[in-house]
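Given next are the chains, with one letter for each unit.
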Amino acid sequence: MHLVKVEKDYLIFVFVAVLGLLQLVAARQRWTGLLFCRRWPLLSYVLGLAGLGGGYAWFFFSDDRNVPGLEGYQLFSRFAVSAVAALLVTLLVSSVLHVHRDKDIVEQKHYLLPVNEERGLEALRSLTYGQILNRWRRRPPGGGERAAA
Amino acid sequence: MQQLDATLFLAINGWVGHWPWLDGLMRLLVNDYFMPVTMSLVLVALWFSGSTAAQRGGNQRAALYAILAQVVTNAMIATSNNLYYRQRPFIDHPAHLLFYRPTDSSFPANSVAVAFAFATAIWLMNRRLGAALYAFAAIFAFARVFCGVHYPLDVLGGAAFGLVGGWLGVRLGRWLEPMLGRLIGLARRMYLA
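Worth saying up front: this structure is predicted, and the values here are computed from it rather than measured. (Residues numbered from 1 in each chain as written. Chains lettered and ligands numbered in written order. Predicted model: local features only at pLDDT ≥ 70, side-chain atom pairs only at ≥ 80, totals over all residues.)

(A) Structural detail: the interface of chain A and chain B. Listed by partner, the interface residues are 26 residues for chain A and 27 residues for chain B. Of all the elements in the fold, those that place two or more residues in the side of chain A that touches chain B are helix 1 (2-29), helix 3 (72-97) and helix 5 (129-137) of chain A. Among the elements that line the side of chain A that touches chain B, the one with the most residues is helix 1 of chain A, at seven residues. (Contact = placed C-beta atoms within 7 Å. Helix = DSSP H or I, 4+ residues; strand = E, 2+ residues; numbered from the N terminus.)

This is how it looks when you write it as structure tokens:
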């Protein structure tokens, strides 16, 4: 029973901390496509620090953690699961929050997909993950790398 | 040697109870979660950091090497634990214990080995960050002795295991470079690297 609670707390802690960390790194590296608050980068720092610091504070001060709990391999596997979940939520939320911008661009029929050199995180400097997927879905038949309408 | 080890242990562990703030800080650092999560978060930050693709590629390799270093170090620890068992210091001495009572071998300090393996793998790719992680690993190692969980020699052994494991992890990573390169390439095609 205790192990289940520790495991649940740990999963939540990692999820919140990674969510905050991604906002911090995205704000610093200018991956604006990952930000929840594109217009106010400072707010992204505040959100990031709140997630990271709040996660640590909640996990370590809400209960005594110096008791037997998860083993080493369990710590890393649970971390991986929670971190991937936090990344997916970041991609989803940042895309949903800026979906209107995407509509405008799509209506203008600018089917722009990043060229090969811009593949990777560079694309997230201007587009959200949803916008990238949208362009991929709507690309003209027969390719469409950097194929403007 | 064992006598010196025990004397040192009792001297360091004897500081428990003198400064409540230090006890609190050490209790926070020593637990099973603080160090692994912090080190793992550093890897996540490293994966997404770097202003150019080349810089980021180096960081991402460092993160993957650190994971491989964990695999190698844990294999080394498992082998050592099968060959040698050392009693925990709180069994043999009147220690002030600020932790629960682990039952596995005291030598080498597993978690210290993990921390040093992380730091070594990163240090071989990024000196500044690696140095910061070494400092963190050293403070964590001190906390393990302070809280009565390990003898000083256990944490020194753990650090040695971590140094070797970290180095071997990077060697293994370089050997597996084609596979790691493909993995990073795949993540890049998915706009995640």
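(B) Structural detail: the domain arrangement of chain A. The domain architecture assigned to chain A consists of domain 1 (2-96) and domain 2 (98-149). Its residues placed into classes, the side of domain 1 of chain A that touches domain 2 of chain A shows four nonpolar, four polar and two charged. (Domains from an automatic or database assignment. Nonpolar A, V, L, I, M, F, W, Y, C, P; charged D, E, K, R; others polar.)

(C) Seen up close, the nonpolar core. Core analysis: the biggest nonpolar cluster contains 91 residues, and A:Val18, B:Val112, B:Ala115, B:Phe118 and B:Ala121 have the highest contact counts within it. Looking at this core element by element, the count peaks at 13 residues for helix 1 of chain A. Both domain 1 (2-96) and domain 2 (98-149) of chain A contribute no fewer than three residues apiece to this core. Non-local contacts of B:Ala121, meaning those with residues more than four positions away in its chain, are made with B:Ala62, B:Tyr65, B:Ala66, B:Ala69, B:Gly166, B:Gly169 and B:Val170. (Core = buried A, V, L, I, M, F, W, Y, C linked by C-beta atoms within 7 Å. Buried ≥ 20, exposed ≤ 12 C-beta atoms within 10 Å, placed from the backbone.)

(D) How the structure looks around the packing of helix 3 (residues 34-47) of chain B against helix 4 (residues 53-83) of chain B. All names here are of chain B. Across the interface, helix 3 lies against helix 4 with an axial gap of 8 Å and an inter-helix angle of 155°. Overall, the two elements helix 3 and helix 4 adopt an arrangement that is roughly antiparallel. Relative to helix 4, the crossing made by helix 3 is left-handed. Taken together, the residues of helix 4 that come into contact with helix 3 (itself represented by Leu-43, Leu-46 and Trp-47) are Asn-59, Gln-60, Ala-62, Ala-63 and Ala-66. Its residues placed into classes, the contact of helix 3 with helix 4 shows six nonpolar, two polar and no charged. (Axes fitted to C-alpha atoms, helices over the stretch in contact; angles between N-to-C directions. Parallel < 35°, antiparallel > 145°, perpendicular 65-115°, else oblique. Left-handed = near helix turned anticlockwise from the far one by under 90°.)

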